[in-house]
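Tertiary structure, described
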Amino acid sequence: MFINESFLSFVWQFSYFDLSGLSTAGGQKLEILAPGHLNMHAGPDFNDARIRIDGILWTGAVEIHVRSSQWFIHRHQDDANYNRVILHVVWSHDRPAFRQDGSEIPVLELCRRIPESLLHRFRSLVYVPADKIACQPQLDRIKPIKITGMIQKALIQRLERKSAAIDHLLLEYKNDWEEVSYQWVVRNFGFKVNQENMFLLAKFLPHKLILRHRNNILRLEALFFGMAGFLEEEKDDYQIRLKQEYIFLKHKYQLEGDFMKRYQWRFLRLHPQNFPTLRISQLAMFFTRINNFFSYVIQSHGIDRIYEDLNICQSFYWQHNYDFGVPSKRKLAGLGKFSIDNLLINSFAPLLVAYSRFTDQEIYQEKAITLLENISFENNRIIRYWKNAGIRILNAADSQGLIELYNQFCY
């Protein structure tokens with residue numbers, strides 16, 4: 001019968017199995033005091049679990065597998081992160097697992113402890129049409145308040161998962177919040193398709209250099225387009241002018257080497273409004289208006305003020321050209337509401353949550369949630385699935401929670 005780790009993690013997390021007369025595969029008496037917290041990062045599946053084996057209290061991690069032999073397939077025996085595993089929870093026990101020091105890990109086998117009714121429900125949820133929510137047939141049996149609670153819990157999980165990447169950047173840049181926030185918002189100006197290219201561009205072009213030229217859009221564009229590899233040709237007068245400016249700045253700041261190439265950027269199948277050339281120009285204009293992005297994020301601005309501040313139009317040249325030497329027949333719009341909402345969801349909110357954890361001040365997490373509650377919900381494939389299933393969606397806090405539910409639990 002098909003069983004996966006996600007299902008077993010769910011069963012373990014909520015203790016949906018027979019708890020009477022528990023024992024390890026080796027015959028030791030087992031008591032579960034706390035299943036632990038689901039780990040969304042690298043390492044064992046659950047942290048901070050507490051169990052008692054033959055009367056001895058153990059605190060540590062729990063790892064979940066379908067078969068215990070997967071411990072070796074995944075090479076956990078070579079990973080020091082798994083030395084703190086105190087219990088190996090599996091569907092089927094077929095091989096003992098060991099820590100790096102050679103000590104054997106106690107095993108709990110679940111294949112005869114999960115109710116048949118739960119297994120039947122799991123099977124019915126696995127084989128559903130691709131355009132349906134897996135639990136859709138059961139949704140009308142769940143109280144609305146419980147659905148609301150699930151969405152809110154998934155929203156927090158999504159915000160914490162997104163902000164974890166910011167935590168890693170903070171370690172790399174020694175808690176320089178302005179530099180990290182700068183890199184984070186530049187990354188999100190790539191709007192998914194060119195996100196990693198934008199992130200690379202931000203790493204080549206430090207925030208302090210941007211600050212020096214925050215009042216000069218020509219120089220900002222020269223730096224951004226030059227570093228991005230868009231100034232190798234000379235298709236029109238504006239590109240030549242930017243290239244001359246970039247050569248001067250590159251020499252002045254001793255920016256050695258070729259940083260990026262034009263071919264790295266994705267144009268194919270993008271609407272011209274989303275071309276990376278226009279996004280880079282909007283990005284440059286963004287930093288003439290908001291110099292210290294992190295300081296702006298943590299200040300208390302109303303949603304109307306934020307929309308006003310982010311209502312950014314690219315420079316004159318890019319209002320009339322899609323690419324260098326490629327004019328538009330009509331004037332091109334600036335950063336629209338959809339794009340602003342995207343930045344608020346993916347830049348502002350995760351930064352606030354990361355800062356909330358960093359300072360241990362819950363007010364910033366509350367501010368992130370309030371921000372999302374004041375933004376329109378996304379209109380994408382996943383949200384349309386939920387709407388078709390009868391779920392009421394009011395704002396981006398709802399849609400973000402529902403996206404997390406779908407991506408992390410509906411599979």
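Residues numbered from 1 in each chain as written. Predicted model: local features only at pLDDT ≥ 70, side-chain atom pairs only at ≥ 80, totals over all residues. Heavy atoms only, no water.

A tally of regular secondary structure across the protein chain gives 16 helices and eight strands. In terms of its C-alpha atoms, the protein chain occupies a principal-axis envelope of roughly 80 × 50 × 40 Å. Each of the 411 residues in the protein chain was classed as buried or not, and the buried ones make up 51%. Counted over contacts in the protein chain with a minimum sequence separation of 6, partners at least 24 positions apart contribute 59%. Put simply, the protein chain shows about 20800 Å² of open surface, and 51% of that area lies on carbon and sulfur atoms. Put simply, the protein chain has 50 plus and 44 minus side-chain charges, and the middle of one group is 4 Å from the middle of the other. (Helix = DSSP H or I, 4+ residues; strand = E, 2+ residues; numbered from the N terminus. Buried < 20%, exposed > 50% of the residue type's maximum accessible area, 1.4 Å probe, protein only. Contact = heavy atoms within 4.5 Å. Areas by Shrake-Rupley, 256 points an atom, 1.4 Å probe, with all protein chains shown as cover. Lys, Arg positive; Asp, Glu negative; His and termini not counted. Charge placed at Lys NZ, Arg CZ, Asp CG, Glu CD.)

Below, the discussion takes up the environment of phenylalanine 275. Mapping phenylalanine 275 onto the fold places it in the loop between helix 9 (237-252) and helix 10 (276-289). Excluding its chain neighbours within four sequence positions, the residues that come into contact with phenylalanine 275 are Phe267, Leu270 and Tyr322.

With that settled, the discussion passes to the side chain of glutamate 221. Here glutamate 221 lies in helix 8 (residues 217-227). Buried within the structure, glutamate 221 lacks any salt-bridge partner; its nearest side chain of opposite charge belongs to arginine 241, at an N-O separation of 9.2 Å. Of the polar contacts made by the side chain of glutamate 221, one reaches the side chain of serine 281; its length is 2.9 Å. With near-sequence residues (within four places) excluded, glutamate 221 lies in contact with Gly226, Tyr238, Leu242, Ser281, Ala284, Ser315 and Trp318. (Salt bridge = Lys/Arg side-chain N within 4 Å of Asp/Glu carboxyl O. Polar contact = N/O pair within 3.5 Å; in protein donor to acceptor, adjacent residues only side chain to side chain.)

What follows concerns the pattern of salt bridges. For side chains of opposite charge, pairing can occur when their charged atoms come near one another. Under the definition given, this model contains 16 salt bridges. Linking glutamate 404 and arginine 161 is a salt bridge whose minimum nitrogen-to-oxygen distance equals 2.6 Å. Of the two residues, glutamate 404 sits in helix 16 (residues 396-409) while arginine 161 sits in helix 4 (residues 144-172), which places them 243 residues apart along the sequence. Taking relative accessible area as the criterion, glutamate 404 reaches 0% and is therefore assigned buried. Arginine 187 serves as the salt-bridge partner of glutamate 196, at 3.8 Å between the closest nitrogen and oxygen. By sharing partners, the salt bridges in this structure join Arg158, Arg161 and Glu404 into a single network.

Applying the stated criterion across every chain yields a total of 31 aromatic pairs. Where phenylalanine 275 meets tyrosine 322, the ring centres are 6.2 Å apart and the plane angle is 65°; that geometry is what we call edge-to-face. Here the residue phenylalanine 275 occupies a position in the loop between helix 9 and helix 10, and tyrosine 322 occupies one in strand 7 (residues 321-323), the gap between them amounting to 47 residues. With a relative accessible area of 17%, tyrosine 322 lands in the buried category. Between phenylalanine 293 and phenylalanine 348, the aromatic rings sit 5.2 Å apart at their centres with planes inclined by 85°, giving edge-to-face as the arrangement. Of this pair, phenylalanine 293 sits in helix 11 (residues 293-298) while phenylalanine 348 is found in helix 13 (residues 337-359), placing the two residues 55 residues apart along the sequence. (Phe/Tyr/Trp six-rings, centres within 6.5 Å; stacked < 30°, edge-to-face > 60°.)

Okay, the packing of helix 4 against helix 14 (residues 362-373) next. At their nearest, the axes of helix 4 and helix 14 sit 12 Å apart, and the two run at 115° to each other. Relative to helix 14, the element helix 4 lies roughly perpendicular. The hand of the helix 4/helix 14 crossing is right-handed. Only Gln365, Ile369 and Leu372 of helix 14 make contact with helix 4, whose side of the interface consists of Leu155, Ile156, Leu159 and Glu160. Here the residues of the contact of helix 4 with helix 14 are counted per class, giving five nonpolar, one polar and one charged. (Axes fitted to C-alpha atoms, helices over the stretch in contact; angles between N-to-C directions. Parallel < 35°, antiparallel > 145°, perpendicular 65-115°, else oblique. Left-handed = near helix turned anticlockwise from the far one by under 90°. Nonpolar A, V, L, I, M, F, W, Y, C, P; charged D, E, K, R; others polar.)

Taking 1.5 Å of rise per residue, the 12 residues of helix 14 would be expected to cover 16 Å, and the 17 Å separating its terminal C-alpha atoms lies within 8% of that figure. Residues of helix 14 that are buried: Tyr364, Gln365, Ala368, Ile369, Leu371 and Leu372. What you see down the axis of helix 14 is that its buried residues fit within an arc of 155°, all on one side. Projecting away from the buried face of helix 14 at angles above 90 degrees are the exposed residues Glu362 and Ile363. Tucked into the core, helix 14 has its buried residues touching helix 4, helix 11, helix 12 (303-309), helix 13 and helix 16. (Expected span 1.5 Å × (residues − 1). Arc of directions from axis to C-beta.)

Locating asparagine 194 in the fold gives a position in the loop between helix 5 (177-188) and helix 6 (195-204). For asparagine 194, a relative accessible area of 3% corresponds to the buried category. The residues touching asparagine 194, leaving out its near neighbours within four places in the chain, are Trp265, Arg266, Leu270 and Pro276.

Where helix 5 contacts helix 10, the two axes come as close as 10 Å, and the packing angle between them is 145°. Between helix 5 and helix 10 lies a crossing of right-handed hand. For the pair helix 5 and helix 10, contact is made by Tyr182, Val185 and Val186 and by Leu283, Phe286 and Phe287, respectively. Of the residues belonging to the contact of helix 5 with helix 10, the class tally is six nonpolar, no polar and no charged.

Here the focus is a nonpolar patch on the surface. Residues Phe10, Phe14 and Tyr16 make up a contiguous nonpolar surface patch of about 280 Å² in total accessible area. Mapped onto the fold, phenylalanine 14 is located in the loop between helix 1 (5-13) and strand 1 (30-34). Of the residues examined, phenylalanine 14 reaches a relative accessible area of 37% and is grouped as partly exposed. (Patch = residues over 30% accessible without salt bridge, like charges linked within 9 Å, V, L, I, M, F, W, Y side chains within 5 Å.)

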